[in-house]
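For reference, the chains in residue letters:
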Amino acid sequence: MRDGETKAEAGRGHLKLVGAGLPGHHALSCRNLTYRAGGRPLIDGISLDLVRGGITAVIGYNGAGKSLLLRLLHGLIRPSSGEILWHGEALSPAHRKLQAMVFQKPVLLRRNALDNVVFALASHGIHDRERAEDALFRVGLADAAGRAARLLSGGEQQRLMLAMALARAPQLLFLDEATASLDPASIQAIEEIVLDAVAAGTKVVMVTHDLGQAKRLAGEVVFIDRGRKAEAAPTDSFFNNPRSAVAQAYLEGRLPHQFQIHRSQA
Amino acid sequence: MQDFARAFADSFRQILALDAGFVEIVGLSLRVSLTATLLSCLIGLLLGAWLAVARFSGRQALIILVNAMMGLPPVVVGLFVYLNLSRAGPFGWLGLLYTPTAMILAQTILITPIVAALSRQVLEDLHGEYGEHFASLGLGRMGQVRAILWDGRYSLITVALAAFGRSVAEVGAVIIVGGNIEHLTRVMTTAIALETSKGNLQLAMALGMVLLVIALAVNGLVSSLRLSASRLGYA
Ligand SMILES: Nc1ncnc2c1ncn2[C@@H]1O[C@H](COP(=O)(O)OP(=O)(O)OP(=O)(O)O)[C@@H](O)[C@H]1O
Ligand SMILES: [Mg+2]
């Protein structure tokens, strides 16, 4: 980070430094990624090149396939066709240990908050209680360490999931609406933490419906529509000048044309 | 009616007197059923965990089979063990028929499917819930099983208690393979059956009361476990 630069600029800076299209400079790529379930393609021929470092925002309407895309990229589900490359190599289960994911719905063990973090670290062969405590402290959950994880509030559970992900210092961090149920102060605090991680070299791919957050944090935006990549562009040009009609509609707060809202007539 | 009241009072006295024969019967019952519960948990939990996390062809058929075996009639299990242990049977040379070991064996066969089937359900639900989290952490199969066994501990203890309850109250299998021999294989249920038929209601009722207390204690334990589990955010 250069003097006078904000953290947000640092997060986005990498994107501007690295030219797109150079193989070997992509943290994660996918080619013609397709995922079919129940006979229809839910992810339909998506190709992406995510540059190293910085934050990529994935946005789109509910049900567009954003969460599915993240689970595919993380290797949690197997694509029907297409390939995923991690630093130019075919994605393998071993790579998953270098990545972390915060799910849209928190998944917490029936243990206290601290033990959840300890477990996540231990699964990576890291037996370090202090590091787990530190991770809780960073997301503002130091006082909740001994409380049952599943009795925490929605926002506290999301912060706990973040602590588990960040404690592992992943090279790639997937965030699926990780700040969706946080209060404004916590959102700001979490964004700071995410930017710290980015400054330390972590690549972040985040799904968000918070357009302000996408503008604040992301260097590039991928817009997903009905399982397809409608658009991928640097953040500024995406928000100022969206090329696809569906992204324009989304940014204007309109429902896409395929939606029919039926109101009962009084 | 008066007889009944007197028998009731006498049987209380019998319990309080704790005479050697009575204690011996209760003690053997507990020893046989607790050992069978322990063995069935060892085998049943392993089988249940394996069925919960492994994916292989024929798995669904195996699950159906184990579920069906939960309803094995005790006398049929007793007969099966008897045929195997009788002098002419394949394991007759072990000389185990009419010993406590034979009773433990029969009860273990009876309740292992219960432990396996119920724990399979508990563990499969947990595994379904945690599966993607585990995969994201890159956790191996053994680590996953250890984690769900630990997180399912309250439900699994309840399963073990149910199995114990079934074995301690069971009469059909132990009477066939144990023979209800005094000082050797006489347990509460077989003693009740025998003493009642002999008209000795006092001992039968005393033992019946002990059995009831055990059943109540098991149920009390299950509910208090459920309570502390929900307090710990287990549910
Ligand atoms: N395993 C599955 N089988 C069938 N359909 C599925 C499956 N998983 C997801 N879907 C469907 O795929 C579509 C995309 O789901 P996904 O969860 O990726 O949406 P999303 O873009 O994350 O939406 P949201 O903004 O609401 O989180 C949805 O219509 C969903 O119902
Ligand atoms: Mg989603």
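Higher on the page you've got the structure.
These numbers were taken from a predicted model, which means no experiment stands behind them.

## A short note on the overall build of chain A
Each helix and strand counted, chain A has 10 helices and 10 strands in total. When the accessible surface of chain A is totalled, it reaches about 12,500 Å², and 49% of it is carbon and sulfur.

## Digging into the pattern of salt bridges
Residue and element names in this part refer to chain B. Taken as a whole, this structure holds 17 salt bridges over all chains when the rule is applied. A salt bridge links Arg-120 to Glu-124; the shortest N-O distance between them is 2.9 Å. Separated by four residues within a single helix, Arg-120 and Glu-124 lie in helix α5 (residues 100-137), roughly one turn from each other. You can call Arg-120 buried: its relative accessible area is 7%. A residue is classified by how much of its surface remains accessible, and Glu-124, at 23% relative accessible area, is partly exposed. With its nearest N and O atoms 3.9 Å apart, the salt bridge here joins Lys-198 to Glu-195. With Lys-198 and Glu-195 both in helix α9 (residues 188-198) and three residues apart, the pair spans about one turn of that helix.

## Brief notes about the environment of Gly-253 of chain A
Positionally, Gly-253 of chain A belongs in the segment after α10 (245-251). It is 15 Å that separates the C-alpha atoms of Gly-253 of chain A and Asn-241 of chain A, two residues lying 12 residues apart in sequence.

## Quick look at the pairing of strand β1 (residues 26-37) of chain A
Residues and elements named next belong to chain A. In this sheet, strand β2 (residues 40-51) lies alongside β1 in antiparallel orientation, the contact comprising eight bridges. Among the inter-strand pairings, Ala-37 is bridged to a residue of β2, identified as Arg-40. Taking the residues that link successive antiparallel strands as the turn, the β1-β2 hairpin has two residues, and the phi of Gly-38 there is positive, at about 60°. Of the pairings in the sheet, the one linking β1 to strand β4 (residues 81-86) comprises five bridges and is antiparallel in character. Considered in β4, the bridge of Ser-29 is made with Leu-85.

## Examining the coordination of the magnesium ion (ligand 2)
Residues and elements named next belong to chain A. For the magnesium ion (ligand 2), the full set of protein donor atoms is Ser-67 (OG) and Gln-104 (OE1), at a range of 2.0 to 2.2 Å. With Ser-67 in helix α2 (residues 66-73) and Gln-104 in the loop between β6 (99-102) and α4 (113-122), this residue pair connects regions lying 37 residues apart in the sequence. Classification of Gln-104 by relative accessible area gives partly exposed; the value is 39%.

## Details of a negative patch on the surface
Where like charges cluster on the molecular surface, the negative patch consists of Asp-128, Glu-130, Glu-133 and Asp-134 of chain A. For Glu-130 of chain A, the location among the structural elements is in helix α5 (residues 129-138).

## Describing the packing of helix α2 (residues 20-53) of chain B against α5 of chain B
All names here are of chain B. Between α2 and α5, the least distance of the axes is 5 Å, while the angle of their chain directions is 35°. Relative to α5, α2 is oriented so that their crossing is right-handed. In terms of residue class, the contact of α2 with α5 is built from 19 nonpolar, 11 polar and three charged.

Definitions and limits used
- Per-chain numbering applies: the sequence of each chain, read as written, is numbered from 1 onward.
- Both sets of labels track the order of writing: A upward for chains, 1 upward for ligands.
- Where totals are concerned, whole chains, interfaces and linings use all residues; where local detail is concerned, this predicted model gives features only for residues with pLDDT of at least 70, and gives and counts side-chain atom pairs only at 80 or more.
- Water and hydrogen atoms play no part in the side-chain values, which are based on all heavy atoms of the structure.
- Each helix is a run of DSSP H or I of at least 4 residues and each strand a run of E of at least 2, with the numbering of both proceeding from the N terminus.
- Throughout, the Shrake-Rupley method with a 1.4 Å probe supplies accessible areas, and for residues the shown protein chains are the sole cover considered.
- A side-chain nitrogen of Lys or Arg and a carboxyl oxygen of Asp or Glu constitute a salt bridge if their distance falls within 4 Å.
- When a residue's accessible area, from a 1.4 Å probe over protein chains only, is under 20% of the maximum for its type it is buried; when over 50% it is exposed; and in between it is partly exposed.
- Only strands that DSSP links by at least two bridges are regarded as paired with each other.
- Note that water is not among the atoms used; donors are N, O and S atoms within 2.8 Å of the metal (3.2 Å for Na, K and Ca), so sites may look incomplete.
- Like-charged residues are merged into a patch within 9 Å and nonpolar side chains (Val, Leu, Ile, Met, Phe, Trp, Tyr) within 5 Å, provided each residue has over 30% relative accessible area and no salt bridge.
- Charge convention: Lys and Arg are scored as positive, Asp and Glu as negative, and His as well as the terminal groups of each chain are ignored.
- A single reference atom marks each charge: NZ on Lys, CZ on Arg, CG on Asp, CD on Glu.
- Axis geometry follows a simple rule: fit a line to the C-alpha atoms, using only the stretch in contact for helices, then measure angles between N-to-C directions, giving values from 0 to 180 degrees.
- Each helix crossing is assigned a hand: it is left-handed if the near helix lies turned anticlockwise from the far helix by less than a right angle, otherwise right-handed if that turn is clockwise.
- Three classes are used: nonpolar for Ala, Val, Leu, Ile, Met, Phe, Trp, Tyr, Cys and Pro, charged for Asp, Glu, Lys and Arg, and polar for all others, with Gly counted as polar.

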